Amino acid sequence: MYFPIAGIEVNPLLPFVAGFLVSFFCSMGGVSGANLLLPFQISILGFTAPAVSATNVAVLFYQAIAPFYPDLVVAPDWLLGVLFGLGGMVGMYLGARAQKFVPAKIIKWILAFILIFTALRYILPVVF
């Protein structure tokens, strides 16, 4: 089942699972998932920057300025934000619980792989 999220047809499980995975591994490593989630959403999932504004700290600002830009999609997509948020909450909880069972070296390698892969998607979007 697909829903119109952020102006495109998206399986609602996709943002939930993405939020879960990013939060799971970031909470295991003790780093902020927000630093990785927005680039992940744009480079891996293919969302536009305005589409992921609901997961941004400035969500109320985007909502407030939306009436001034009727020709642009500025207002946050609340469904997208809720799906990423729910996945993130589950991922944070389980990642923090799993942290004690995974060696720190493996956690660092996983985070490094995620960061490098996301960066390469920005640099070489056609290759991946």
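Structure first, text after, so check above.
One structure accompanies this document, and this report is about it. Every value quoted in this text rests on a predicted model; they were computed, and no experiment measured them.

**Here's the deal with the overall build of the protein chain**
Thought 1: Looking only at helices and strands, the protein chain has five helices and two strands in total.
Thought 2: Written out in order from the N terminus, the α and β elements of the protein chain read β-β-α-α-α-α-α.
Thought 3: Surface summary for the protein chain: the accessible area is close to 8000 Å², and the carbon and sulfur share equals 75%.

**Quick word on the side chain of serine 23**
Thought 1: Mapped onto the secondary structure, serine 23 falls in helix H1 (residues 13–29).
Thought 2: Not counting chain neighbours up to four residues away, the residues in contact with serine 23 comprise Gly88, Gly91 and Met92.

**Regarding helix H4 (residues 78–98)**
Thought 1: Over its 21 residues, H4 runs 30 Å from end to end, which matches the ideal 30 Å to within 8%, given 1.5 Å per residue.
Thought 2: All of the buried residues along H4 are Leu80, Gly81, Leu83, Phe84, Gly87, Gly88, Gly91, Gly95 and Ala98. Taken end-on, H4 shows its buried residues confined to a sector of 155°, consistent with a single buried face.

**Quick word on the packing of aromatic side chains**
Each aromatic ring pair is specified by the distance between its two centres and by the angle formed by the two planes.
Thought 1: The tally for this structure, following the rule as stated, stands at two aromatic pairs.
Thought 2: With centroids separated by 5.7 Å and ring planes inclined at 25°, the aromatic side chains of phenylalanine 20 and phenylalanine 24 adopt a geometry described as stacked. Of this pair, phenylalanine 20 and phenylalanine 24 both sit in helix H1, four residues apart, which is roughly one turn of the helix.
Thought 3: Overall, the relative accessible area of 17% leaves phenylalanine 24 in the buried class.

**Concerning a nonpolar patch on the surface**
Thought 1: A contiguous nonpolar surface patch, about 480 Å² in accessible area, is contributed by Ile116, Leu120, Tyr122, Ile123 and Leu124.
Thought 2: Here leucine 120 shows up in helix H5 (residues 104–123).

**Overview of the nonpolar core**
Thought 1: Ranked by size, the top nonpolar core spans 17 residues in total, and within it Val22, Leu45, Phe47 and Phe84 carry the most contacts.
Thought 2: Contributing elements (two or more residues each) for this core: H1, helix H2 (34–43), H4 and H5.
Thought 3: When residues in this core are grouped by element, the largest group, five residues, is from H1.
Thought 4: Beyond its immediate stretch of four places on either side in the chain, valine 22 contacts Gly33, Leu36, Leu37 and Phe40.

**Observations concerning H5**
Thought 1: End to end, H5 covers 28 Å across 20 residues, agreeing with the expected 28 Å (1.5 Å per residue, within 8%).
Thought 2: For H5, the set of buried residues is Ile107, Leu111, Ile114, Thr118 and Arg121. Taken around the axis of H5, the buried residues stretch over an arc of 95°, which confines them to a single face. For H5, exposure combined with an orientation more than 90 degrees from the buried face picks out Lys105, Lys108, Trp109, Phe113, Ile116 and Ile123.

Here is what the cut-offs are and how they apply
Residues numbered from 1 in each chain as written. Predicted model: local features only at pLDDT ≥ 70, side-chain atom pairs only at ≥ 80, totals over all residues. Heavy atoms only, no water. Helix = DSSP H or I, 4+ residues; strand = E, 2+ residues; numbered from the N terminus. Areas by Shrake-Rupley, 256 points an atom, 1.4 Å probe, with all protein chains shown as cover. Contact = heavy atoms within 4.5 Å. Expected span 1.5 Å × (residues − 1). Buried < 20%, exposed > 50% of the residue type's maximum accessible area, 1.4 Å probe, protein only. Arc of directions from axis to C-beta. Phe/Tyr/Trp six-rings, centres within 6.5 Å; stacked < 30°, edge-to-face > 60°. Patch = residues over 30% accessible without salt bridge, like charges linked within 9 Å, V, L, I, M, F, W, Y side chains within 5 Å. Salt bridge = Lys/Arg side-chain N within 4 Å of Asp/Glu carboxyl O. Core = buried A, V, L, I, M, F, W, Y, C linked by side-chain atoms within 4.5 Å.

Limitation: the analysis is restricted to geometry and does not speak to function.
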